[in-house]
Amino acid sequence: MLEQLFKLRQSGTDTRTEILAGVTTFLTMAYIIFVNPTILGDAGMPKDAVFVATCIVAALGSLVMGLYANYPIAMAPGMGLNAYFAYAVVLGMKVPWQAALGAVFVSGCLFILVSVFGLRALIVNGISRSLRVAITAGLGMFLALIAFKSAGIVVASPATLVQAGDLHKPEAIMAVVGFLLIVTLDRLKVRGAILIGIVVVTILSFFFGGNTFRGLVSAPPSIAPTLLHLDVKGALGVGILNVVLVFFLVELFDATGTLMGVASRAGLLVEGKMERLNKALLADSAAIVAGSLLGTSSTTAYIESAAGVQAGGRTGLTALTVAVLFLACLFIAPLAGVVPPYATAPALLFVACLMLRDVGDIDWSDTTEAVPAAITALVIPFTYSIAEGIAFGFITYALLKLTTGRAREVKPVIWVIAALFAFKIVYIGT
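A short tour of the structure in this document, coming up. Being a predicted model, the structure only gives us computed values, none of them experimental.

1. So, the overall build of the protein chain
In step 1: Helix and strand counts for the protein chain come out as 20 helices and six strands.
In step 2: Taken against the 2.2 N^0.38 rule, which gives 22 Å for 430 residues, the C-alpha radius of gyration of the protein chain at 21 Å falls within 12% of a compact globule.
In step 3: Across its three principal directions, the C-alpha atoms of the protein chain cover 60 × 55 × 50 Å.
In step 4: Buried residues in the protein chain amount to 54% of all 430 residues.
In step 5: Long-range pairs, those at least 24 residues apart, make up 81% of the contacts in the protein chain with a sequence separation of at least 6.
In step 6: A total of about 17,800 Å² of accessible surface is found on the protein chain, and carbon and sulfur atoms cover 69% of it.

2. Here's the deal with a nonpolar patch on the surface
In step 1: A cluster of nonpolar residues, V199, I203, F206, F207, F208, F213, L216, V217 and F331, forms a patch on the protein surface that exposes about 970 Å² of accessible area.
In step 2: Turning to its location among the elements, F206 is positioned in helix 10 (residues 193-208).
In step 3: Judged by its relative accessible area of 35%, F206 is partly exposed.

3. Section: the pattern of salt bridges
In step 1: Counted by the stated rule, this structure contains four salt bridges.
In step 2: Of the charged contacts, one joins K401 and E409 as a salt bridge, the two residues approaching to 2.7 Å between their closest N and O atoms.
In step 3: Taking relative accessible area as the criterion, K401 reaches 0% and is therefore assigned buried.
In step 4: Shared partners join several salt bridges into a network, and the residues in it are D366, E369, K401, R406 and E409.

4. Points about the packing of aromatic side chains
In step 1: Applying the stated criterion across every chain yields a total of one aromatic pair.
In step 2: Relative to F326, the ring of F26 lies with its centre 5.2 Å away and its plane at 80°, an arrangement referred to as edge-to-face. Here F26 is found in helix 2 (residues 15-29), whereas its partner F326 is found in helix 15 (residues 316-328), with 300 residues between them in sequence.
In step 3: For F26, a relative accessible area of 7% puts it in the buried group.
In step 4: For F326, a relative accessible area of 0% gives the class buried.

5. Notes on the pairing of strand 3 (residues 161-164)
In step 1: Bridge analysis of strand 2 (residues 154-157) against strand 3 gives four bridges, and the strand direction is antiparallel. Of the residues in strand 3, the one forming a bridge with V154 is A164.
In step 2: Hairpin connection from strand 2 to strand 3: three residues lie between these consecutive antiparallel strands.

6. Here we look at the side chain of N211
In step 1: Structurally, N211 can be placed in the loop between helix 10 and helix 11 (232-235).
In step 2: A distance of 2.9 Å separates polar atoms of two side chains, one belonging to N211 and the other to S205.
In step 3: With sequence-adjacent residues up to four places away left out, N211 is seen in contact with T202, S205, F206, V338 and P340.

7. As for the environment of F208
In step 1: Tracing the chain through its elements places F208 in helix 10.
In step 2: As for F208 and M174, which are separated by 34 residues in sequence, their C-alpha atoms are 8.6 Å apart.
In step 3: With near-sequence residues (within four places) excluded, F208 lies in contact with P170 and M174.

8. Quick look at the nonpolar core
In step 1: Ranked by size, the top nonpolar core spans 90 residues in total, and within it M65, L259 and F326 carry the most contacts.
In step 2: The biggest single contributor to this core is helix 17 (residues 341-354), with ten residues.
In step 3: Ignoring any residue separated from it by four or fewer positions in sequence, one finds F326 in contact with F26, M29, I32, I33, C55, A58 and A59.
In step 4: Judged by nonpolar contacts, the second largest core, of 27 residues, contains V50, V90, A103 and F247.

9. A short note on the environment of A134
In step 1: For A134, the position within the fold is in helix 8 (residues 129-151).
In step 2: The sequence separation of A134 and G389 amounts to 255 residues, and the corresponding C-alpha distance is 9.6 Å.
In step 3: Not counting residues up to four positions away in its chain, the partners in contact with A134 are A373, T376 and A377.

10. As for the packing of helix 2 against helix 15
The angle between the axes and the distance between the axes are what describe a pair of packed helices.
In step 1: At a closest axis distance of 7 Å, the pairing of helix 2 and helix 15 adopts a crossing angle of 50°. Accordingly, the angle class assigned to the pair helix 2 and helix 15 is oblique. Taken as a pair, helix 2 and helix 15 cross one another with a handedness that is right-handed. Across the interface between the two elements, T15, E18, I19, A21, G22, V23, T25, F26 and M29 of helix 2 pack against L317, T318, T321, V322, L325 and F326 of helix 15.
In step 2: Grouping the amino acids of the contact of helix 2 with helix 15 by side-chain chemistry returns nine nonpolar, five polar and one charged.

Rules of the game
- Residues numbered from 1 in each chain as written.
- Predicted model: local features only at pLDDT ≥ 70, side-chain atom pairs only at ≥ 80, totals over all residues.
- Heavy atoms only, no water.
- Helix = DSSP H or I, 4+ residues; strand = E, 2+ residues; numbered from the N terminus.
- Rg over C-alpha atoms; globule rule 2.2 N^0.38 Å.
- Buried < 20%, exposed > 50% of the residue type's maximum accessible area, 1.4 Å probe, protein only.
- Contact = heavy atoms within 4.5 Å.
- Areas by Shrake-Rupley, 256 points an atom, 1.4 Å probe, with all protein chains shown as cover.
- Patch = residues over 30% accessible without salt bridge, like charges linked within 9 Å, V, L, I, M, F, W, Y side chains within 5 Å.
- Salt bridge = Lys/Arg side-chain N within 4 Å of Asp/Glu carboxyl O.
- Phe/Tyr/Trp six-rings, centres within 6.5 Å; stacked < 30°, edge-to-face > 60°.
- Pairing = 2+ DSSP bridges.
- Polar contact = N/O pair within 3.5 Å; in protein donor to acceptor, adjacent residues only side chain to side chain.
- Core = buried A, V, L, I, M, F, W, Y, C linked by side-chain atoms within 4.5 Å.
- Axes fitted to C-alpha atoms, helices over the stretch in contact; angles between N-to-C directions.
- Parallel < 35°, antiparallel > 145°, perpendicular 65-115°, else oblique.
- Left-handed = near helix turned anticlockwise from the far one by under 90°.
- Nonpolar A, V, L, I, M, F, W, Y, C, P; charged D, E, K, R; others polar.

Structure, rendered in structure tokens:
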């Protein structure tokens, strides 16, 4: 049944590998079930209900991605999108969280429309080869920054923005040990190298990191305080349309950028394109709408899926495994939380290193291709935003082609997207 449903042999994989990859992906992104309630809780939303909503929408989104699109890409409420929702919209603009959920709902509905008509696929497939590679490289550097931060190797600095953390701390040392272990095992072709590294560091955390066992089973809280509490009318009110537009643009390029990056890493691109891209985009769109109904910020494809891909995941069975584990978290949340961030950081850093290897495919002799690619790859980690990196890359690409007399090389969709991003930056801000 699994063979017929996911075409495992055709994809060069098997059930064991796919499940192992799903567990690996889940472990690298399980932090969201604790981080998301904390961030949205700052906006006044009930944390317990957000916890349940996070688990359910992550399971639903991953399930649809796996069964409908057959991609090894997991979904959950997006980091960055939840921060924008809580700190910029609710706390900054004084918009009630119910209206903010309404804005997420409206943006999700817009996504469904453009996905059904194939416009999202048209946008993604219209991106040049250099920008596609740059997006993947930028995602890799973004992952690396997250990994360094989680391990305490890189910390904030008022003087220099970032600086090296205290490398004598057990967390940093264990992360380094885990990274070296993963690379070594991968080089020796040991299957499940990433998962082994995570497990080893987690075990070490009980002895050297002060980690404690937090219990095994707990009943899930009620989702009633957030379920169907969105305010669509408020979202469509005067002054809130800008919020919908920003959600739409950020979700569009966070999701499509991640989908392309992970699919590229998995070798799932055919002539540089995703065969089932429209199905993947519809899964993403449906998850956004479902999340707003359940009571959480925008759901998106997760870059951490690259960890599962590196562990061998190639089909939707990987995403299905992630979905099952997120549902299990409703009942074993204390156990899921025992994996510390510095245990998953080595896996993210390893994947990040691998995502940089295609940079050599960029035509560095053509500055109208190379410079926009470099801008894209650099801005993503330096602004901590996939969307901003893609925005600057698109705008730079279009302008350089125009100023050098090569405007005909730019597809119409690129002009439209560059103009939209320019409008957003000038009139709305970043």
